[in-house]
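So you can see what is in the structure, the chains are spelled out below.
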Amino acid sequence: MPERRQPPNSPPDATLPARPRQPAQRAEPELPPPALRAYLNEGIDLDALLNARYPSMPLMTLIYVYDRLALTTTQDGAAGFQIEIDPHNGDATFFFTLGSTLGLRFTPRRLTALDRSTWLQRMRRADEMPIFLWGATRHHNDYLIFARRRHFTNVYAFSPANVEAAARLSHDVMTTLLNWFSAYWPPDSSSDAKTAANW
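Cut-offs and rules
The residue count restarts for each chain, going from 1 along the sequence in the order it is written. The model is predicted, so local features are restricted to residues of pLDDT at least 70 and side-chain atom pairs to those at 80 or more, both for listing and for counting; the totals for chains, interfaces and linings are taken over all residues. No hydrogens and no water enter the side-chain calculation; it runs on all heavy atoms of the structure. Only when DSSP finds a minimum of two bridges between them are two strands counted as paired. The helix and strand labels rest on DSSP assignments: H or I over at least four residues marks a helix, E over at least two residues marks a strand, and numbering proceeds from the N terminus. Contacts are residue-level and defined by heavy atoms, with any inter-residue pair within 4.5 Å sufficient. Where helices are involved, their axes are fitted lines through C-alpha atoms of the stretch in contact, as for all axes, and angles between N-to-C directions lie from 0 to 180°. Three labels apply to residues, based on accessible area from a 1.4 Å probe with only protein chains included: buried if under 20% of the type maximum, exposed if over 50%, partly exposed otherwise in between. Counting of polar contacts relies on pairs of N or O atoms within 3.5 Å, with two restrictions inside protein: one atom must be capable of donating a hydrogen and the other of accepting it, and residues adjacent in sequence are counted only when both atoms are side-chain atoms.

A. Here's a closer look at the sheet that holds strand β10 (residues 163-170). Reading across from one edge, β1-β10-β9-β8-β7 is the order of the five strands in this open sheet, with mixed pairing throughout. Looking at strand neighbours, the two that pair on one side only are β1 (59-60) and β7 (131-133), the edges of this open sheet. The sheet contact formed by strand β8 (residues 143-148) and strand β9 (residues 152-159) spans six bridges and is antiparallel. From the neighbouring strand, Leu144 faces β9, where its bridge partner is Ala157. Sitting on the sheet, helix α4 (residues 171-182) is in contact with β1, β8, β9 and β10, with an inclination near 105 degrees to β10.

B. Structural view of the sheet that holds strand β5 (residues 92-98). Taken in spatial order, the five strands make up an open sheet running β2-β3-β4-β5-β6, and their pairing is antiparallel. Whereas interior strands pair on both sides, the edge strands pair on one side only; in this sheet they are β2 (62-65) and β6 (102-106). On average, each strand axis in the sheet is tilted by 15 degrees relative to the strand beside it, whichever way the strands run. In the sheet, strand β4 (residues 79-85) pairs with β5 via seven bridges, with the strands oriented antiparallel. If you follow Phe81 over to β5, its bridge partner there is Phe96.

C. Broad picture of the environment of Thr72. Secondary-structure assignment places Thr72 in strand β3 (residues 69-73). With a relative accessible area of 1%, Thr72 lands in the buried category. Sequence separation between Thr72 and Val173 is 101 residues, and the spatial gap between their C-alpha atoms is 7.6 Å. Once you skip the residues sitting within four places of it in the chain, Thr72 turns out to touch Met60, Leu62, Ile63, Ala79, Gly80, Phe81, Leu169, Val173 and Leu177. A distance of 2.7 Å separates a polar side-chain atom of Thr72 from the backbone oxygen of Phe81.

So, in structure tokens, the structure goes:
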């Protein structure tokens, strides 16, 4: 007896056993990086931990401010920390440069006006450490951590692509940068600061 064949694109034969459907697998939520987990769960000194990772951060002592661009460098110009603000959406891009051979870029996305103004307020008070600059996506996007000391500020930048950078800003440089930021990140009109994306 000749073999029965189904025409192409025909529905499956009802006499054939159906394959059991596999239950849909949910993606596990991505955990924060180890340093953040230790800070959140154990309350460690995050600045001390990161400072041990970058014990010889270059110190930025010179600053040049333009329209929407701020350039800071070490005394010898060997390393730099630059910030550029997008005139359309207010996004800030942070560049860490080493000599004329290496540059790393970090852009925290989806920062609300409240996220920005809250960061500025906390940086001016300098009474909270660490101070995060990130949006609702937190560690799933580029973000920065600032640790203010009496004479300097440590800046750590992180990317989900496992890229990191660090620099140290003198007190005068950090003060000038905060005044510069204030021109582009005005205070938020909302009084409910609890909705800012900070842990």
